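Observations on the model geometry
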Amino acid sequence: MAKHEEVKNGGIFSIGEKNINYAKYFIGESYLKSLVADPKLNVGVSVVTFEPGCRNNWHIHRDGFQILLITGGEGWYQEEGKTARFLKAGDVVVTHDGVKHWHGATKDSWFEHIAITAGKPEWLEPVDDEAYHEVSRLL
């Protein structure tokens, strides 16, 4: 049984739908619930839920930023060239424009965050199993 199973039942917001539109940019299963998608704003707000071991590809936010508010479970955040950061509920991550990074669940825990995102993501290569398992050894 994975840690933080309660995350899959949703917290303040429900878990959302399977993240089909962005599935090609994830390894593993993720779920997405849009909270703010107003075309008059340059900011979107969504709840992203990751099954254990799920992570997104390396990516860069162009002409914007991303703020992650960790709401449940355990996960990772890593910027290119830096050591991965372990995340838990209550943590906050700020990713500035043009910074290559990835985020996702630990191998044995569900993980959820609210993503406040401006600009356009540029999706890059996957975080391969070898690199992910190397990060997982940090625990």
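Now for a description of the structure that goes with this document.

Scoring rules and cut-offs
Residues numbered from 1 in each chain as written. Predicted model: local features only at pLDDT ≥ 70, side-chain atom pairs only at ≥ 80, totals over all residues. Heavy atoms only, no water. Helix = DSSP H or I, 4+ residues; strand = E, 2+ residues; numbered from the N terminus. Rg over C-alpha atoms; globule rule 2.2 N^0.38 Å. Buried < 20%, exposed > 50% of the residue type's maximum accessible area, 1.4 Å probe, protein only. Contact = heavy atoms within 4.5 Å. Lys, Arg positive; Asp, Glu negative; His and termini not counted. Charge placed at Lys NZ, Arg CZ, Asp CG, Glu CD. Phe/Tyr/Trp six-rings, centres within 6.5 Å; stacked < 30°, edge-to-face > 60°. Lys NZ or Arg CZ within 6 Å of the ring centre and 35° of its normal. Patch = residues over 30% accessible without salt bridge, like charges linked within 9 Å, V, L, I, M, F, W, Y side chains within 5 Å. Areas by Shrake-Rupley, 256 points an atom, 1.4 Å probe, with all protein chains shown as cover. Salt bridge = Lys/Arg side-chain N within 4 Å of Asp/Glu carboxyl O. Arc of directions from axis to C-beta. Polar contact = N/O pair within 3.5 Å; in protein donor to acceptor, adjacent residues only side chain to side chain. Core = buried A, V, L, I, M, F, W, Y, C linked by side-chain atoms within 4.5 Å.

Attention shifts here to the overall build of the protein. In terms of helices and strands, the protein carries one helix and ten strands. Reading the secondary structure of the protein in the N-to-C direction produces β-β-β-β-β-β-β-β-β-β-α. Over its C-alpha atoms the protein spans a radius of gyration of 14 Å, differing by no more than 12% from the 14 Å that the globule rule assigns to 139 residues. Across its three principal axes, the protein shows a C-alpha extent of roughly 40 × 35 × 25 Å. Taken over 139 residues, the protein has a buried fraction of 42%. Partitioning the intrachain contacts of the protein with sequence separation of at least 6 by distance along the chain shows that 71% fall at a separation of at least 24. The averaged location of the 20 negative side-chain charges in the protein is 2 Å from the averaged location of its 15 positive side-chain charges.

As a further point, take the packing of aromatic side chains. Given two aromatic rings, their pairing is described by the distance between the two centres and the angle made by the two planes. Tallied over the full model, the rule gives nine aromatic pairs. Between Y25 and W123, the aromatic rings sit 4.7 Å apart at their centres with planes inclined by 10°, giving stacked as the arrangement. Of this pair, Y25 sits in the loop between β1 (17-18) and β2 (26-27) while W123 sits in strand β10 (residues 111-123), placing them 98 residues apart in sequence. Exposure remark for Y25: the relative accessible area of 21% places this residue in the partly exposed category. For W123, a relative accessible area of 22% puts it in the partly exposed group. Counting every residue linked through ring pairs, the aromatic cluster contains Y22, Y25, F26, F50, F111 and W123. Cation over ring: R55 sits above Y132, and NZ or CZ is 4.2 Å from the ring centre. Between K100 and the ring centre of W58, over which it is positioned, the NZ or CZ distance is 5.5 Å.

The next thing to look at is a nonpolar patch on the surface. Taken together, the side chains of V36, L41, V43 and F65 present a nonpolar region at the surface, about 280 Å² in accessible area. Among the secondary structure elements, V36 is positioned in strand β3 (residues 30-36). Owing to a relative accessible area of 32%, V36 belongs among the partly exposed residues under this scheme.

For helix α1 (residues 129-136), the full list of buried residues reads Y132, V135 and S136. Buried residues along α1 cover an arc of 105° about the axis, so they all sit on one side. Packing partners of the buried residues in α1 comprise β5 (55-56), β6 (59-79) and β9 (101-105).

Assignment of secondary structure puts T117 in strand β10. By relative accessible area, which is 19% here, T117 ends up buried. There is a polar contact of 2.9 Å between the side chain of T117 and the side chain of Q66.

Our next topic: the nonpolar core. As a rule of thumb, nonpolar side chains are buried together in soluble globular proteins. Judged by nonpolar contacts, F26, V48, F50, C54, L68, I70, Y77, L87, V93, A105, F111 and A115 together constitute the single largest core of twelve residues. Going through the elements one at a time, β4 (43-50), β6 and β10 are the ones with two or more residues in this core. Considering each element in turn, this core owes the most residues, three residues, to β6. For L68, the contacting residues outside a window of four places in its chain are Y77, D91, V92, V93, H103, H113, I114 and A115. W76, A84, V127 and V135 belong to the second-largest nonpolar core, a separate cluster that totals seven residues.

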